[in-house]
Amino acid sequence: METESPAPADTPRTPPAPATPVPAPPPERAAHRDPGPGPTLREPAAPVLAPTPAPGAAPPAAPGAGPAEPGPAEPVPAPAPGTATPAAPRGYRAVFAVTEFRAVFAAHLLSLLGVVVSELALTVLVYDLTGSPLLSALTFALGLLPYMVGGTLFAGVADRYPARRVLVVCDLLCAACVAVMLVPATPVAGLLALRCLVAAIAPVFTGTRMAALTDILGEGDLYVLGRSLLRIVSQSAMLIGFGAGGVLLTVLSPRGAITVTVVTFLCSAALLRFGTRDRPARSGAGDGGGTLLKESLSGARLVLGDRRIRALMLLFWLPATFVVAPEALAAPYADAIGASPAALGLLLCAMAVGHIGAELFVGSALSPRNRSRIVLPVAATGLLPLLVYVVRPGLPLALAALALAGAGAAYVIGLDQWFVDAVPQELRGRAMTLLTAGLMTVQGLGMALAGLAAEFFPVHQVVAGSGIIGTVCTLLLVAEVRRTAPGRMSDTEGRDGADRHMTSR
């Protein structure tokens, strides 16, 4: 842990690391150090920018150490002091300037589109084989349910082994599972079991990638914007992927469409293997003194046992549990108001459109300070638009309410920074794996509960009730997050001065 911490943490603050890599990485290092991901949030800009010219200035000669001497070399860092603070909050382009992130982004886009296409194709395949709507719907449910199992039992993988190796192996395992689905002799039970296995691997992959982003982009603003971009892609893939899957199924058989997923997983593995650096594991295999399962469970206990981390994690989970109700009940609600199938598609898309628009605005137009300020107010009020359902609104008003509810999810941009500041580096992979697993699980649970409630109450009342109950629960949680702010706690959270700086604003 301590012995390996300098390597993963080199991006945000330790300048000596660039001396070791091969000639190729230094330009990337400069690229993602220059924008100053961390300084804008937690440290003065000057201390971080000062080391940045050093790697570039050292090779030419010591005499060029003066600010004006090396004419060609200085113009790049020179504007940085003036532009670093405004550029980082505005510029998603600063994130794309990091070569490693471009590889991660492309891999994420490919594998996500492949997963969405395969989910649709597998649902159709299971229905073709069985004629059972229950088993067909179960293929979707099995994409959510195993998340918590995989995220809890295998979370230790994220910190125990080097991130690049974990990501590549996860992609290859998923490709192998999907390839077996293509075999005509695979029974329906086998298809569902393979679907479960892919879903169990997913949180390990996602949590490891989230933790690896702190190594690639630092722990500051670039990390926040990088996470935001991946979320935007995830939301967009739901809109584009199902449409693309539907088009593919008009020209290919379900198994033919699933083949696309095998290719996307293999391409993702290749991009991560050759497009990212190999970094050491955060904790050695023997650090925990036990098995992988023991490490995973002890990591979960440590993460959930920390009052501050637990409160922040619940702030990710709780609003997501209730906001899915209108999506889960979109079809019965469309039927209740006499809307067309096209209107149903709009009801399913509205929340994602609102989320994407708000995320882009908050990430590009607000400074890190302002993104931090809106976290608690937006989280507390984000579910209020669902109260419109009390009056059983028509299509236009329902679409507006859903778009606003989706926009309310933009608070997670600031919450991302709080979370990464609160979690110790040696626990980061396990914490983020658990965060991902829990988020997917509570959304599945929220959908199931909404469906159950709709068996006894009108759909519009269930959606409005989700908004009311969710808002009350979130307000209670917001109070807990305030109480656990580092400035107000005298013990556990005092270790993270950066988090104190963020939450006090």
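Note that the structure is predicted; figures quoted are calculated from it, not measured. (Residues numbered from 1 in each chain as written. Predicted model: local features only at pLDDT ≥ 70, side-chain atom pairs only at ≥ 80, totals over all residues. Heavy atoms only, no water.)

**Q** Provide a residue-level description of the overall build of the protein, including the pertinent values.
**A** The helix and strand tally for the protein stands at 26 helices and zero strands. With 505 residues in all, the protein has 52% of them scored as buried. Carbon and sulfur atoms form 71% of the exposed surface of the protein, whose accessible area is close to 20,600 Å². (Helix = DSSP H or I, 4+ residues; strand = E, 2+ residues; numbered from the N terminus. Buried < 20%, exposed > 50% of the residue type's maximum accessible area, 1.4 Å probe, protein only. Areas by Shrake-Rupley, 256 points an atom, 1.4 Å probe, with all protein chains shown as cover.)

**Q** Please give an account of the pattern of salt bridges that cites residues and values.
**A** Under the defined criterion, the tally for this structure stands at eight salt bridges. A salt bridge links Arg 231 to Asp 416; its shortest N-O distance comes to 2.7 Å. Pair noted here: Arg 231 is in helix α13 (residues 221-251) and Asp 416 is in helix α23 (residues 412-422), with a separation of 185 residues, a long-range link. Pair check on accessibility: Arg 231 and Asp 416 agree, each one buried. Here the salt bridges do not stand alone but share partners, grouping Arg 227, Arg 231, Glu 359 and Asp 416 into one network. (Salt bridge = Lys/Arg side-chain N within 4 Å of Asp/Glu carboxyl O.)

**Q** I'd like a description of the environment of Pro 458, backed by residues and values.
**A** Examined against the element boundaries, Pro 458 turns out to sit in the loop between α24 (428-453) and α25 (459-483). Assessed through its relative accessible area of 38%, Pro 458 is described here as partly exposed.

**Q** Quick rundown of a nonpolar patch on the surface? Include the residues and the values.
**A** Together, Leu 384, Leu 387, Val 390, Val 391, Leu 397, Ile 468, Ile 469, Val 472 and Leu 476 make up a nonpolar patch on the protein surface, roughly 800 Å² of accessible area in all. Looking at the nonpolar patch element by element, the count peaks at four residues for α25. Among the structural elements, Leu 387 can be located in the loop between α21 (375-381) and α22 (395-407). (Patch = residues over 30% accessible without salt bridge, like charges linked within 9 Å, V, L, I, M, F, W, Y side chains within 5 Å.)

**Q** Account for the nonpolar core, naming residues and giving values.
**A** Phe 101, Leu 217, Tyr 223, Leu 315, Leu 415 and Phe 419 are the most contacted members of the largest nonpolar core, which totals 88 residues. By residue number, the principal contributor to this core is helix α12 (residues 188-217), which donates 13 residues. What Phe 419 contacts, discounting residues up to four positions off in sequence, is Ile 309, Leu 312, Met 313, Phe 316, Ala 431, Met 432 and Leu 435. Counting 22 residues, the second largest nonpolar core, distinct from the first, contains Ala 325, Leu 329, Ala 350 and Tyr 389. (Core = buried A, V, L, I, M, F, W, Y, C linked by side-chain atoms within 4.5 Å. Contact = heavy atoms within 4.5 Å.)

**Q** So what's going on with α22? Residues and values would help.
**A** Given a rise of 1.5 Å per residue, 13 residues ought to cover 18 Å, and the 18 Å separating the end C-alpha atoms of α22 matches this to within 8%. Among all positions in α22, only Ala 398, Ala 401, Leu 402, Ala 405 and Gly 406 are buried. All buried residues of α22 lie within an arc of 135° about the axis, which places them on one face of the element. Set apart from the buried face of α22 by more than 90 degrees, the exposed residues are Pro 396 and Leu 404. Along its buried surface, α22 packs onto α16 (307-323), α17 (325-328), α18 (330-336) and α19 (341-365). (Expected span 1.5 Å × (residues − 1). Arc of directions from axis to C-beta.)

**Q** I'd like a rundown of the side chain of Thr 264, residues and numbers included.
**A** Among the structural elements, Thr 264 can be located in helix α14 (residues 254-275). Judged by relative accessible area, which is 9%, Thr 264 ranks as buried. Here Thr 264 is in contact with Leu 110, Ser 111 and Gly 114, once residues within four sequence places are set aside.

**Q** So what's going on with the packing of helix α11 (residues 163-181) against α14? Which residues, and what values?
**A** Two elements in contact, α11 and α14, have axes separated by 9 Å at closest approach and are oriented at 165°. Relative to α14, α11 is oriented roughly antiparallel. Our pair here, α11 against α14, has a crossing hand that is left-handed. Facing α11, whose interface residues are Arg 164, Leu 167, Val 168, Asp 171, Leu 172, Cys 174, Ala 175, Val 178, Ala 179 and Met 181, α14 presents Arg 255, Ile 258, Thr 261, Val 262, Phe 265, Leu 266, Ser 268, Ala 269, Leu 272 and Arg 273. (Axes fitted to C-alpha atoms, helices over the stretch in contact; angles between N-to-C directions. Parallel < 35°, antiparallel > 145°, perpendicular 65-115°, else oblique. Left-handed = near helix turned anticlockwise from the far one by under 90°.)

**Q** Describe the packing of aromatic side chains, with residues and values.
**A** Applying the stated rule across the entire model yields five aromatic pairs. Between the aromatic rings of Phe 316 and Phe 419, the centroid separation amounts to 5.8 Å while the plane-to-plane angle is 85°, which identifies the pairing as edge-to-face. Here the residue Phe 316 occupies a position in helix α16, and Phe 419 occupies one in helix α23, the gap between them amounting to 103 residues. Residue Phe 419 is classed as buried on the basis of its relative accessible area of 2%. Each ring, one from Tyr 333 and one from Tyr 389, has its centre 5.0 Å from the other, and the planes form 55°; the classification is tilted. Remark: Tyr 389 occurs in the loop between α21 and α22 and Tyr 333 occurs in helix α18; sequence separation between them is 56 residues. With a relative accessible area of 2%, Tyr 333 lands in the buried category. A relative accessible area of 2% means that Tyr 389 is categorised as buried. Cluster of aromatic residues (ring-pair linked, three or more members): Phe 96, Phe 101 and Phe 105. (Phe/Tyr/Trp six-rings, centres within 6.5 Å; stacked < 30°, edge-to-face > 60°.)

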